[in-house]
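Listed below, chain by chain, are the residues.
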Amino acid sequence: MGLDKLDDRLAFDRDHLWHPYSSISSPGPTYAVESASGVRLRLVRDGVPTEVIDAMSSWWCAVHGYAVPELDAAATEQLGRMSHVMFGGLTHEPAIRLGKQLVDFVGLDHVFFADSGSVAVEVAMKMAWQAHAGQGWSSSAGTQRTRMFTIRGGYHGDTFSPMSVCDPDGGMHSMYAGLVPEHVFAPRPPAGLGLGADDPVIVAWESATRALFEQHAAEIAAVIVEPVLQGAGGMHVYSPYCVDVLTRLAREHGALVIHDEIATAFWRTGPALGADRATERPDIVCVGKALTGGYLSLSAVLCTAEVAARVSESPAGAMMHGPTFMANPLACAIASASLDLLVSRDAAALVERISGELATGLAPALSLSSVVDVRTLGAVGVIELDRAVDVPALTEAALDRGVWVRPFRNLVYTMPPYVASTDDVATITGALVGAVAEVHG
Ligand SMILES: *Cc1c(COP(=O)(O)O)cnc(C)c1O
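We now turn to the structure provided with this report.

About the cut-offs
- Residues numbered from 1 in each chain as written.
- Predicted model: local features only at pLDDT ≥ 70, side-chain atom pairs only at ≥ 80, totals over all residues.
- Heavy atoms only, no water.
- Near = heavy atom within 4 Å.
- Polar contact = N/O pair within 3.5 Å; in protein donor to acceptor, adjacent residues only side chain to side chain.
- Areas by Shrake-Rupley, 256 points an atom, 1.4 Å probe, with all protein chains shown as cover.
- Axes fitted to C-alpha atoms, helices over the stretch in contact; angles between N-to-C directions.
- Helix = DSSP H or I, 4+ residues; strand = E, 2+ residues; numbered from the N terminus.
- Parallel < 35°, antiparallel > 145°, perpendicular 65-115°, else oblique.
- Left-handed = near helix turned anticlockwise from the far one by under 90°.
- Contact = heavy atoms within 4.5 Å.
- Nonpolar A, V, L, I, M, F, W, Y, C, P; charged D, E, K, R; others polar.
- Salt bridge = Lys/Arg side-chain N within 4 Å of Asp/Glu carboxyl O.
- Buried < 20%, exposed > 50% of the residue type's maximum accessible area, 1.4 Å probe, protein only.
- Pairing = 2+ DSSP bridges.
- Right-handed = clockwise from strand over helix to strand, strands pointing away.

A few words on the site of the ligand. Inspection of the region around the ligand gives Trp60, Ser116, Gly117, Ser118, Tyr155, His156, Gly157, Glu226, Asp260, Ile262, Ala263 and Lys289 as its neighbouring residues. A distance of 2.8 Å is found between an oxygen atom of the ligand and a backbone nitrogen or oxygen belonging to Gly117. The separation between an oxygen atom of the ligand and a polar side-chain atom of Ser118 is 2.6 Å. Taken by itself the ligand offers 380 Å² of open surface, and the protein chains cover 83% of this.

Here's what the structure looks like:
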């Protein structure tokens, strides 16, 4: 079979390629994208090329949109030097430059570069375990602190260790029962960014969480959470006070604190990091997704000097991880340029403007009968339905209105690129509200 015709290519795709969370025997519809620039994808619908606004930033990564001149230039320049060299025993300017930017941005001392968000979470969890392994436990047996403490409703990635701290019901635990280690899950914090210590729902959550932590304290290596916004676990917004409660519990009981900022970093929720709204500081932070502005897969794990020292003094004598493509120079060079661009464009101001526009534009959805909640946080806008979204129908209805959106479960949401104009955001919100009204009423 030739691949010159689009129909032949789509047939091969359908017959041979896995897509995320897809079935080979009954694949869902897929649209071919021919190119992308600015906030727009050029994709083909029923044989007809069309331009649509990407309301998803390609799963939250493409914060500057597509074909970004500054990122293209950084890539081209780096390709002229080298696309990749191994990081074992070698180093290079792109890694050093980006490392310095990340140390300043996150405020922690040591940087481990990995290749995806899931791997960053793997590394963070290994770091926490290794940090305890040198702390007076039997060195041959390692540490008794073998469990993570987290909250229900989280999402941390699809490899085994991250999967084990994803929500045990919404995640894939039951599918892989017996293979996924069992960690400790506190209740999901109540919804609401502004809830304070005295709010009755917070008081109840805190006491249940404290009791559970105390029951398991001796086995807990670390707390791991997505600060303030649980992303793929349900776009759940919760109070920074709860993040602080978890941190203080960890501190009281000698456990470490890992913040998974893979979705929340780089101003997506308003401040530079999701946890900037909290008071207490973490020991380990993971960043990924928007790190390269959506150009390449790259992630980083940052930790304190104390954690780094403990890991280095653990029985292994080193951090026992080293991906083949660690600190890929091409990805690092693009990430550096992306961070520069976020600062020079004042991402915080862009996100604040978009946030207001999302809140105004999505508000009419509240009057729809299928809608139970509308919420926004930074450049994240969510319409929650009382039922599972008919994804193919909703996708088509949004495309009819010039917008690419990928709902999941009962959520229709947008995370627009930060370069989306006021008109672009209005098109997105209008399309989301209109598509929900048309498909679900
Ligand atoms: C997407 C995501 C991950 C996983 O990242 P991948 O690059 O898909 O492996 C982990 N944690 C959070 C919070 C995420 O949003």
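Put simply, helix α7 (residues 200-216) and helix α8 (residues 240-252) touch, their axes get as near as 11 Å, and they point 25° apart. In terms of orientation, α7 lies roughly parallel with respect to α8. Every pair of crossing elements has a handedness; the one defined by α7 and α8 is right-handed. Contact residues: Ile202, Trp205, Glu206, Thr209, Arg210 and Phe213 in α7; Tyr241, Cys242, Val245, Leu246, Leu249, Ala250 and Glu252 in α8. For the contact of α7 with α8, a count of residues per class yields 9 nonpolar, 1 polar and 3 charged.

Tallied over the entire structure, the rule returns 20 salt bridges. A salt bridge links Glu357 to Arg353, with the shortest nitrogen-to-oxygen separation between them at 2.9 Å. Pair noted here: Glu357 and Arg353 are both in helix α11 (residues 347-362), with a separation of 4 residues, about one helical turn. Among the charged side chains, a salt-bridge network with shared partners connects Arg45, Glu396 and Asp400.

Neither face of strand β11 (residues 284-287) is open: one carries Ile284 and Cys286, the other Val285 and Val287, and all of them are buried. Where strand β10 (residues 256-260) meets β11, 3 bridges bridge the pair, whose relative direction is parallel. Following the sheet pairing, His259 is matched in β11 by Val285. With 4 bridges connecting them, β11 and strand β12 (residues 299-303) associate as antiparallel partners. Considered in β12, the bridge of Ile284 is made with Cys303.

Pairing in this open sheet of 4 strands is mixed, and the strands run β1-β2-β3-β15 from one edge to the other. What marks the edges here is a single partner per strand, and that holds for β1 (32-37) and β15 (403-404).

Our focus in this paragraph is the pairing of strand β5 (residues 147-151). Counting buried residues along β5, 5 of its 5 residues qualify, which places the element largely inside the surrounding structure. Judged by which residues are buried, β5 turns out to be covered on both faces: Arg147, Phe149 and Ile151 on one side and Met148 and Thr150 on the other are all buried. With 3 bridges joining them, β5 and strand β7 (residues 220-225) adopt parallel strand pairing. Looking at β7, one finds that Arg147 is bridged to Ile220. Sheet topology places β5 next to strand β6 (residues 184-186); 3 bridges connect them, and they run parallel. Note on β6: the bridge partner recorded for Phe149 is Val184. Following the chain from β5 across helix α6 (residues 160-165) to the adjacent parallel β6, one finds a crossover that is right-handed.

The quantities given are spatial measurements derived from coordinates; they are silent on function.
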